[in-house]
Amino acid sequence: MSNPSHLRSNWLGSAGWGLMFHYIDKPASSNVPSSTTAAEWNRRIDGFNVANFTRRVRESGASYVIFTLGQNTGHFCSPNRVYDGIVGSPTSLLSRRDLITEIATALAPDIRMIAYLPSHAPANYTEAIRAFKLMPSWDAGAWGLKKDWTDSECADERLTVFQRGWESVVAHWGERWGCLVSGWWIDGCYFSKRMYDAVDGPNFASFAQALRAGNADRILAFNSGTARPFERLSLEQDYTAGEFSDRLPVPTKWAALESKTDGMQTHLLGYLGSWWGEGSPRLSDALASSYTREVVSRGAAITWDVPLGLNGDISEPFLRQFEHLQSHVAAS
């Protein structure tokens, strides 16, 4: 039996700050399918230097890492036979190498791993959309569900067939990782009331059970977007998604920025580059470190997204910023 939410997330409350990495396939446009082949994706994953990456993370002073499994193109950095069985493609876009397991193992036990995953199947991978019975009611361009639910291929507005399939996929990952993965950050929960707010499953309770497969104390965050970064979407939620993008939250704006928000561990998520996983440092060293120190002093946690090279390396400007951040936050 898992611990109550306030106990599951205790470690995050004392963690201070962590790093996020958008290690994803990036097509020319977010609304078009990717041209990256399975062979190309595997070569990229095989070239990831876990030893160097984990060394950089340790030197940064971060207490945890949020790492993307994949996002919209169908390319994932960890194998999953349940997913492949549902999609049925002769050539899997999931890597042969389990990068999540390798990174989490190398970081353990002092630096924790949180996995990132969208709440829906890849929005720009037609084979997955069709296999999970999201067609033709899935509107990838609008990141959501079309209003017309008359087509018989989509059984109901809750996407019951899809949800059951996605639950089996995440449970398979979770069972394999066990205690190596301490949490999930689930993106794209923009239609949670339609899809998850039901007494009977599939709902938030069944989704959470699947997400905690292999580790009953895995902490969960469900992201409803930058307009509502501290909203509790479910009683199963342990910490706030906290996505603030280009606006730094301050007390009395969105939340009090204290240690707890509506019973959850307060957590913030933003990017140090010019965008998620891209660019050069947009904040001065002084601002990044002072804001981090302020958040941490209030008992909240903050995660900074940082660009990552294909081989898993972090560029020198961010390494210098880590040094400044680490020394100033540790001294507070």
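Everything discussed here concerns the structure shown above.
What comes next concerns the included structure. For clarity, every value in this text was computed on a predicted model and none was experimentally measured.

Thresholds, definitions, all that
Residues numbered from 1 in each chain as written. Predicted model: local features only at pLDDT ≥ 70, side-chain atom pairs only at ≥ 80, totals over all residues. Heavy atoms only, no water. Helix = DSSP H or I, 4+ residues; strand = E, 2+ residues; numbered from the N terminus. Contact = heavy atoms within 4.5 Å. Areas by Shrake-Rupley, 256 points an atom, 1.4 Å probe, with all protein chains shown as cover. Salt bridge = Lys/Arg side-chain N within 4 Å of Asp/Glu carboxyl O. Buried < 20%, exposed > 50% of the residue type's maximum accessible area, 1.4 Å probe, protein only. Pairing = 2+ DSSP bridges. Right-handed = clockwise from strand over helix to strand, strands pointing away. Axes fitted to C-alpha atoms, helices over the stretch in contact; angles between N-to-C directions. Parallel < 35°, antiparallel > 145°, perpendicular 65-115°, else oblique. Left-handed = near helix turned anticlockwise from the far one by under 90°. Nonpolar A, V, L, I, M, F, W, Y, C, P; charged D, E, K, R; others polar. Arc of directions from axis to C-beta. Phe/Tyr/Trp six-rings, centres within 6.5 Å; stacked < 30°, edge-to-face > 60°.

### Examining the overall build of the chain
Looking only at helices and strands, the chain has twelve helices and twelve strands in total. For the chain, restricting intrachain contacts to residue pairs at least 6 apart in sequence, the fraction spanning at least 24 positions comes to 74%. Counting every atom, the chain has about 13300 Å² of accessible surface; 52% of that belongs to carbon and sulfur.

### Side note on the pattern of salt bridges
For the coordinates displayed, the defined rule picks out 16 salt bridges. A salt bridge links R44 to D25; its shortest N-O distance comes to 3.5 Å. Here R44 is found in helix α3 (residues 38-46), whereas its partner D25 is found in the loop between β1 (17-21) and α3, with 19 residues between them in sequence. Salt-bridge contacts for E167 lead to R164; the nearest nitrogen and oxygen are separated by 3.4 Å.

### So, the pairing of strand β12 (residues 301-305)
Remember that side chains alternate between the two faces of the sheet whenever the strand is regular. Judged by how many residues are buried, β12 sits mostly within the fold: five of five residues are covered. Examined bridge by bridge, β1 and β12 share four bridges and lie parallel to one another. In the sheet register, G18 faces β12, and the bridge partner there is T303. Across five bridges, strand β11 (residues 267-271) lies against β12 in parallel orientation. Across the sheet, the residue bridging to L269 is T303, located in β12. The handedness of the β11 to β12 crossover, carried by helix α11 (residues 285-297), is right-handed.

### What to know about the sheet that holds strand β7 (residues 219-222)
Ordered in space as β7-β6-β3-β2-β1-β12-β11-β8, the eight strands form an open sheet in which the pairing is parallel. Where the open sheet ends on each side, the last strands, each with one partner, are β7 and β8 (243-245). Between one strand and the next, the sheet's axes are offset by a mean angle of 20°, whatever the strand orientation. Pairing of β1 with strand β2 (residues 64-68), which is carried by three bridges, proceeds in the parallel orientation. Considered in β2, the bridge of F21 is made with F67.

### A short note on the packing of helix α4 (residues 50-60) against helix α6 (residues 99-107)
In the contact formed by α4 and α6, the axes pass within 10 Å of each other and the chain directions differ by 45°. One finds that α4 runs oblique with respect to α6. In this structure, α4 crosses over α6, and the sense of that crossing is right-handed. Contact residues: α4 offers V50, F53, T54, V57 and R58, while α6 offers L99, E102, I103, A106 and L107. A per-class count over the contact of α4 with α6 returns seven nonpolar, one polar and two charged.

### Side note on α6
Here α6 has its buried residues at L99, I100, I103, A104 and L107. The buried residues of α6 occupy an angular sector of 120° when projected down its axis, which confines them to one face.

### Details of the packing of aromatic side chains
Counted under the stated rule, the structure contains 27 aromatic pairs. Centre to centre, the rings of F244 and W304 are 6.0 Å apart; their planes meet at 90°, and the pair counts as edge-to-face. Linking F244 in strand β8 with W304 in strand β12, this pair joins segments that are 60 residues apart in sequence. Taken individually, F244 and W304 each receive the classification buried, so the pair is uniform in this respect. Grouping aromatic residues by their ring pairs yields a cluster made of F76, Y83, F132, F162, W166, W173, W177 and W184.

### So, the packing of α11 against helix α12 (residues 316-330)
Two elements in contact, α11 and α12, have axes whose closest approach is 9 Å; the angle formed by their N-to-C orientations is 40°. One element, α11, and the other, α12, form an angle in the oblique class. Like other packed secondary-structure pairs, α11 and α12 cross with a definite hand, here right-handed. Each of D285, A286, A288, S289, T292 and R293 in α11 lies in contact with α12, whose residues at this interface are Q321, H324, L325, H328 and V329. Residue classes in the contact of α11 with α12 are distributed as four nonpolar, five polar and two charged.

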